[in-house]
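Examining the three-dimensional arrangement
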Amino acid sequence: MLVLDHENSHNIGELKKGKRILLVDGVTVSFDGFKALNNLSFSINYGELRCIIGANGAGKSTMMDVVTGKTRPDEGTVTFGDAVNLLEMDEPSIAEVGIGRKFQKPTVFQNNTVFENLELAMQDDKRFFKTLFSKISGEQKDKIEETMQLIGLKELYNQEAGILSHGQKQWLEIGMLIMQNPKLLLVDEPVAGMTPQEVDKTGQILTDLAKEHAVVVVEHDMEFIRSIASKVTVLHEGSVLAEGSMESIQNNEKVRKVYLGE
Ligand SMILES: Nc1ncnc2c1ncn2[C@@H]1O[C@H](COP(=O)(O)OP(=O)(O)OP(=O)(O)O)[C@@H](O)[C@H]1O
């Protein structure tokens with residue numbers, strides 16, 4: 001029998017809207033003496049869609065690398081849920097405890113259909129034949145249907161992923177991430193290269209997703225961030241420069257000084 005959920009020994013506690021799910025506290029990462037993250041502290045709540053912005057080199061990717069276990073900080077703590085210390089865990093364990101990351105470039109299985117891609121993403125082990133010829137349960141099928149609905153690809157369930165548009169491939173990859181039951185999703189520049197219609201739809205998908213997850217989006221597209229109207233965290237030289245609504249960020253003196261030289 002196939003196992004849907006990754007049960008593990010890490011207890012992240014109760015998931016409730018508005019309750020903190022991630023705490024990054026005093027994190028510093030140095031590369032040859034240069035501090036890519038410098039005493040970085042912020043937190044994310046369950047049910048929240050947060051945008052992280054900042055100029056090139058501000059530390060956005062390094063921050064995601066720390067949360068996902070790819071980079072170890074020199075100082076600070078990173079806590080998931082009530083008390084899971086992510087700094088003690090390796091990358092696969094962090095993924096298993098419920099943190100999913102989507103990189104910019106989609107990596108869908110080109111020769112498989114939308115449905116099959118989601119089915120494959122659900123498995124621990126991506127051996128095609130084993131997966132495609134084994135029967136999935138009704139519950140698993142429901143989860144795939146629900147995910148296709150959320151990412152707007154229900155009508156294209158039988159379409160090969162290779163012929164989907166760029167935007168549709170990105171949504172499929174978000175769907176593949178959802179199939180692994182993450183609680184927190186880190187999404188890197190989701191609207192890069194998309195048409196205006198695709199950008200709108202991506203905003204809708206991420207907003208819907210944030211209702212029952214926590215979603216952190218790293219993005220450069222200010223129009224997009226404004227359109228999804230979420231809370232924004234501005235990084236600068238590895239620390240939080242400002243945090244709040246897009247409007248408050250635009251009127252923030254420190255932000256204006258750094259970005260507009262005022
Ligand atoms: N492995 C590394 N070795 C040395 N320096 C690094 C390494 N990784 C990142 N840096 C440096 O740390 C700083 C922060 O980089 P990071 O990639 O986190 O920024 P970013 O905000 O994601 O930028 P971008 O918007 O360009 O992706 C940069 O100055 C970068 O050159």
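Scroll up to find the structure this text is about.
Notes on the structure follow. All values reported here derive from a predicted model rather than from experimental measurement.

Conventions we followed
- Per chain, residues are indexed from 1 in the order of the written sequence.
- Under the rules for a predicted model, residues below a pLDDT of 70 receive no local features and side-chain atom pairs below 80 are neither given nor counted, while totals for whole chains, interfaces and linings still include all residues.
- Based on all heavy atoms of the structure, the side-chain values leave hydrogens and waters out of the count.
- Working definition: helices are DSSP H or I runs of at least four residues, strands are E runs of at least two. Numbering for both runs from the N terminus.
- Radius of gyration here uses only the C-alpha atoms, and the compact-globule reference equals 2.2 Å multiplied by the residue count raised to the power 0.38.
- Only protein chains enter the accessibility calculation, which uses a 1.4 Å probe; a residue is then buried when its area is under 20% of its type maximum, exposed when over 50%, and partly exposed in between.
- By definition in these notes, contact holds between two residues if any of their heavy atoms fall within 4.5 Å.
- Surface accessibility follows the Shrake-Rupley procedure with a 1.4 Å probe radius. Residue values consider only the protein chains on display as shielding.
- When charges are counted, Lys and Arg are positive and Asp and Glu negative, with His and the chain ends excluded.
- One atom stands in for each charge, and that atom is NZ of Lys, CZ of Arg, CG of Asp or CD of Glu.
- Every patch collects residues that have over 30% relative accessible area and no salt bridge, joining them within 9 Å if they carry like charges and within 5 Å if they are nonpolar side chains (Val, Leu, Ile, Met, Phe, Trp, Tyr).
- Think of a salt bridge as a Lys or Arg side-chain nitrogen and an Asp or Glu carboxyl oxygen that are within 4 Å of each other.
- Strand pairing requires that DSSP identify at least two bridges connecting the strands.
- Lines are fitted to the C-alpha atoms to define the axes, a helix being fitted only along its stretch in contact, and any angle between axes, read from their N-to-C directions, falls within 0 to 180 degrees.
- Residues are classed as near a molecule or strand on a simple rule: at least one heavy atom within 4 Å of it.
- In protein, a polar contact means a hydrogen-donor-capable atom and an acceptor-capable atom, both N or O and within 3.5 Å, with residues adjacent in sequence counting only if both atoms are side-chain atoms; elsewhere, any N or O pair within 3.5 Å suffices.
- Asp, Glu, Lys and Arg are counted as charged, while Ala, Val, Leu, Ile, Met, Phe, Trp, Tyr, Cys and Pro are counted as nonpolar; the rest, among them Gly, fall into the polar class.
- Here the word oblique covers every angle except those under 35 degrees (roughly parallel), over 145 (roughly antiparallel) and from 65 to 115 (roughly perpendicular).

The next point concerns the overall build of the protein. Along the protein, the regular secondary structure elements total ten helices and ten strands. Over its C-alpha trace the protein gives a radius of gyration of 19 Å, about what one expects of a compact globule, namely 18 Å for 262 residues. Projecting the C-alpha coordinates of the protein onto the three principal axes gives extents of approximately 60 × 45 × 35 Å. Among the 262 residues that make up the protein, the fraction classed as buried is 48%. In the protein, the proportion of contacts linking residues at least 24 apart, taken out of those at least 6 apart, comes to 68%. Of the roughly 13000 Å² that the protein leaves accessible, carbon and sulfur atoms contribute 48%. Taken together, the 28 basic and 39 acidic charged side chains of the protein have centroids lying 1 Å from each other.

Together, Glu139, Asp142, Glu146 and Glu212 line one region of the surface with negative charge. Turning to its location among the elements, glutamate 212 is positioned in the loop between helix H7 (196-211) and strand S8 (214-218). Overall, glutamate 212 belongs to the exposed group, its relative accessible area being 60%.

Strand order in the open sheet formed by six strands is S6-S7-S8-S3-S9-S10, with mixed pairing between adjacent strands. The two strands at the open ends of the sheet, each matched to only one other strand, are strand S6 (99-102) and strand S10 (239-244). Neighbouring strand axes in the sheet, compared pairwise and without regard to direction, differ in orientation by 20 degrees on average. As paired strands, S6 and strand S7 (residues 184-188) are joined by four bridges and run parallel to one another. Residue isoleucine 99 lies in a different strand from S7, and its bridge partner there is leucine 184. Across the face of the sheet, helix H6 (residues 166-178) comes into contact with S6 and S7 while running at roughly 165 degrees to S6.

If you check the shell around the ligand, you find Phe31, Phe34, Ala36, Ala55, Asn56, Gly57, Ala58, Gly59, Lys60, Ser61, Thr62 and His220 and nothing else. In the environment of the ligand, an oxygen atom lies 2.9 Å from a nitrogen or oxygen atom belonging to the backbone of glycine 59. Histidine 220 places a side-chain nitrogen or oxygen 3.5 Å from an oxygen atom of the ligand. When the ligand sits alone it has 630 Å² of accessible area, and the protein chains cover 58% of it. In terms of residue count, the dominant contributor to the shell around the ligand is helix H1 (residues 60-67) (three residues). Tallied by class, residues from the shell around the ligand come to five nonpolar, six polar and one charged.

Once that is clear, we can look at the packing of H6 against H7. The interhelical angle for the contact between H6 and H7, taken along N-to-C directions, is 10 degrees, at an axis separation of 10 Å. Classed by the angle they form, the pair H6 and H7 counts as roughly parallel. Where H6 approaches H7, its residues Gly167, Gln168, Trp171, Ile174 and Ile178 are matched on the opposing element by Glu198, Lys201, Thr202, Ile205, Leu206 and Leu209. Residues that form the contact of H6 with H7 fall into these classes: six nonpolar, three polar and two charged.

The next subject is the pattern of salt bridges. Summed over all chains, the structure comprises nine salt bridges. Residue lysine 102 pairs with glutamate 173 through a salt bridge whose shortest N-O separation is 3.3 Å. Here lysine 102, found in strand S6, pairs with glutamate 173, found in helix H6; they are 71 residues apart in sequence, far enough to count as distant. Here lysine 102 falls in the buried class, since its relative accessible area comes to 2%. Notably, a salt bridge pairs lysine 231 with glutamate 243, separated by 3.9 Å at the nearest N-O pair. With a gap of twelve residues between them, lysine 231 in strand S9 (residues 231-236) and glutamate 243 in strand S10 connect regions that are remote in the sequence. With a relative accessible area of 36%, lysine 231 lands in the partly exposed category. Residue glutamate 243 is classed as partly exposed on the basis of its relative accessible area, which comes to 36%. Among the ionic contacts, a cluster of salt bridges with common partners joins Glu48, Arg50, Lys231 and Glu243.

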